[in-house]
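Per-entry structural report
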Amino acid sequence: MLDFVVIFTKGGVVLWHSNASGSSFASCINSLIRGVILEDRNTEAKYFEEDHLAVQFKLDNELDLVYAAIFQKVIKLNYLDGFLADMQLAFKEKFGGIPAAERLGGDYDFDREYRRVLSAAEEASAKQVKAPKAMRSYNESQKSKKTVASMIQDDKKPAEKRVNIQESPPPSKSQQSSPPASMDDIIRENRRKLREKLTPTKKTSPSDPKPSKSTASEKAGKKPRVWDLGGNSKDAVMLDRSKDTPEDVQYQNINSELVGTMQGVIRDLDVESEDEVEDDDESSEEEEQVQSKKNKRGGLLSYFKGIVGAKTMSLGDLQPALEKMRDHLISKNVATEIAAKLCDSVATSLEGKQMGTFDSIASQVKEALTQSLVRILSPKRRIDIIRDALESKRNGRPYTIIFCGVNGVGKSTNLAKICFWLIENNFNVLIAACDTFRAGAVEQLRTHTRHLNALHPAAKHDGRTMVQLYEKGYGKDAAGIAMEAIKFAHDTRVDVVLVDTAGRMQDNEPLMRSLSKLIKVNNPDLVLFVGEALVGNEAVDQLVKFNQSLADYSSNENPHIIDGIVLTKFDTIDDKVGAAISMTYITGQPIVFVGTGQTYADLKAINVNAVVNSLMK
């Protein structure tokens, strides 16, 4: 039944194994280590699947070992949990005294104990299957779940409405006594009714005078009201803002202080760290120092204050503190599902360890949570836009970025910030106005283009226009506009193309199909999802459905899904930074940019340790 059973360290060093099938299961074990154990994404089920194989595993934090059993996914084995627990006890009883330094080089003869534990588990499972099914207790029945209130009949409730069906009354005697009409009488009656229907009711005699034009206009309807400042068609030329006027192009005051502030790599997000808090506490008065010491014991770590003593920690001891910790993470805008998984990771790290004073358990909780959060927020692959744009420029093609997201998150504003950052690094940019739905979207990008060209005029860049806008108006196909913009950028040797798309809800299937078509047709270098830092649990739903729609509605074998995240409005959330955790955990993609204000220079890179410190407060 079991194809492969293995005991290995958390670093991946195999101490003992039993291979019943003779096949190689190295790739499955490596996927388990990379995707579950190192990422701390294990749940209480301790179950992992890959292709047609399933893995049931158990962690031993005291010896830092993993016990795993691989079997076919279609087979259901009910005894695996008990078998792995018994195997852990047998292995610990025989080899638990070996020091950690000598553990990797030892020779482990565990075959006899393994066969004994496996046969005992299989026999117990067979007896359980053959045993008669036990009767349910009263508490397990559905009758016990009924309350007294549900069984009391309330006479005050309105009675159900009943429809009374009445038969049509029988014909009267006078109707029955009348003789039936002949066929000729029926034909004459029908002709008479047809003539009455076709003949107009009122006939105008020729002597009646015809109504004059004035009376006809009076009967036409109520005249519209004329407002004093209503305007007319002559004012339409002055009110048309679809094209720039000379007055719009001339600037009186240009904020040149922003020029030169965004050169090079994006600066990290500035969040108050613990060191800064300690420095502030040292410089404060004595009363404030006492209060600050109390606050240090508060926050997330205070939930573990009652778990002290030199004993081995069990899951039952940790459960009350973990529930409070989960509520604390949810209050920081971490999604509920992800907060529960983070608590499971902390419980897995602490279970089986000995705890001394409160300081020791507090430090271990903080270390376990910090490691889990750093693994989640640290990107699996680094997105270096400047390096990739330079590589595309050497290959003679523009570097293309598509921005997508729901309505009102700030796609156009943050596109302009990224455009300003690229101009500061001497890239000329073409903005493709593919939001052909929202009123004013093209005019907004035109205003940004005008501002950016005023900050970086062509005279300072050897006559090159640093920002251009490619627009085709409203109501057009966004995929076609993006394709034409990329071709125009290739012909005019533009370095970077930034494609602005219309905001759309994740449940709107026609608009999601349109976005999938735009990405498939144009094959961009980067697809960035723009999301708010305020959304909390909604971030999970948005990202999952955006990724799923891009995969489902694309006919490519390997569809292009979201590559990175732009987190906006980060300056409005104080220390509720949980949306960053939620978004990165769901997609596994890095947060490339963080929007922290309204100016072009308010663009930062996320600082993992600073976000962790904010969650710990």
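Per an unreviewed UniProt entry, the protein is named Signal recognition particle receptor subunit alpha homolog, and its organism is Drosophila rhopaloa. Of the comments in the UniProt record for the protein, the one headed Subcellular location (unreviewed entry) reads "Endoplasmic reticulum membrane". What the UniProt record of the protein gives under Sequence similarities (unreviewed entry) is the line "Belongs to the GTP-binding SRP family."

This part takes up the packing of aromatic side chains. What the rule picks out here adds up to 14 aromatic pairs. Between Trp16 and Tyr114, the ring centres sit 5.1 Å apart and the planes meet at 55°, which makes this aromatic pair tilted. Highlighted residues: Trp16 in strand 2 (residues 14-19) and Tyr114 in helix 3 (residues 111-130), separated in sequence by 98 residues. Judged by its relative accessible area of 4%, Trp16 is buried. For Tyr114, a relative accessible area of 8% puts it in the buried group. Here Phe420 and Tyr600 contribute two aromatic rings whose centre-to-centre distance is 5.7 Å and whose plane-to-plane angle is 25°, an arrangement assigned as stacked. One end of the pair, Phe420, is in helix 16 (residues 411-424); the other, Tyr600, is in the loop between strand 14 (591-595) and strand 15 (603-604), and 180 residues separate them in sequence. Classification of Tyr600 as buried rests on a relative accessible area of 11%.

Predicted confidence across the protein gives a mean pLDDT of 78, with 77% of residues reaching 70 or more. Of the regions scoring below 50 in pLDDT, residues 160-168 engages in zero contacts with residues more than four places distant in sequence or in other chains. Long-range and interchain partners of residues 273-297, a stretch whose pLDDT sits below 50, account for 16 contacts in this model, where long-range means more than four residues apart.

Glancing now at helix 3. When the terminal C-alpha atoms of helix 3 are compared, their 29 Å separation across 20 residues agrees well with the 28 Å that a helix rising 1.5 Å per residue should span. What helix 3 keeps buried is the set Glu113, Tyr114, Val117, Leu118, Ala121 and Ser125. Summarising the axial view, the buried residues of helix 3 lie within an arc of 125°, below the 170-degree limit, and thus occupy one face. The exposed set on the far side of helix 3, more than 90 degrees from its buried face, consists of Arg112, Arg115, Glu123, Lys127 and Lys130. Residues of helix 3 that are buried in the fold lie against strand 1 (4-9), strand 2 and helix 2 (80-95).

Below, the discussion takes up the UniProt feature "domain: SRP54-type proteins GTP-binding" (unreviewed entry) in the protein. Under the UniProt annotation, "domain: SRP54-type proteins GTP-binding" (unreviewed entry) lies at residues 590-603. Annotation note: span residues 590-603, helix share 0%, strand share 43%, distance between end C-alpha atoms 16 Å.

Ile385, Trp421, Leu422, Leu498 and Phe593 are the most contacted members of the largest nonpolar core, which has 109 residues in total. No other element matches the eight residues that helix 16 contributes to this core. Counting only domains with at least three residues in this core, you end up with domain 2 (312-377) and domain 3 (385-616). In this structure, Phe593 is in contact with Ile266, Ile385, Ile418, Trp421, Leu528, Ile565, Val566, Leu567, Leu603 and Lys604, ignoring residues within four places of it in sequence.

Basis of the calculations
- Residues numbered from 1 in each chain as written.
- Predicted model: local features only at pLDDT ≥ 70, side-chain atom pairs only at ≥ 80, totals over all residues.
- Heavy atoms only, no water.
- UniProt positions renumbered as here; feature names shortened; annotations may be inferred.
- Phe/Tyr/Trp six-rings, centres within 6.5 Å; stacked < 30°, edge-to-face > 60°.
- Helix = DSSP H or I, 4+ residues; strand = E, 2+ residues; numbered from the N terminus.
- Buried < 20%, exposed > 50% of the residue type's maximum accessible area, 1.4 Å probe, protein only.
- pLDDT = per-residue confidence, 0-100.
- Contact = heavy atoms within 4.5 Å.
- Expected span 1.5 Å × (residues − 1).
- Arc of directions from axis to C-beta.
- Core = buried A, V, L, I, M, F, W, Y, C linked by side-chain atoms within 4.5 Å.
- Domains from an automatic or database assignment.

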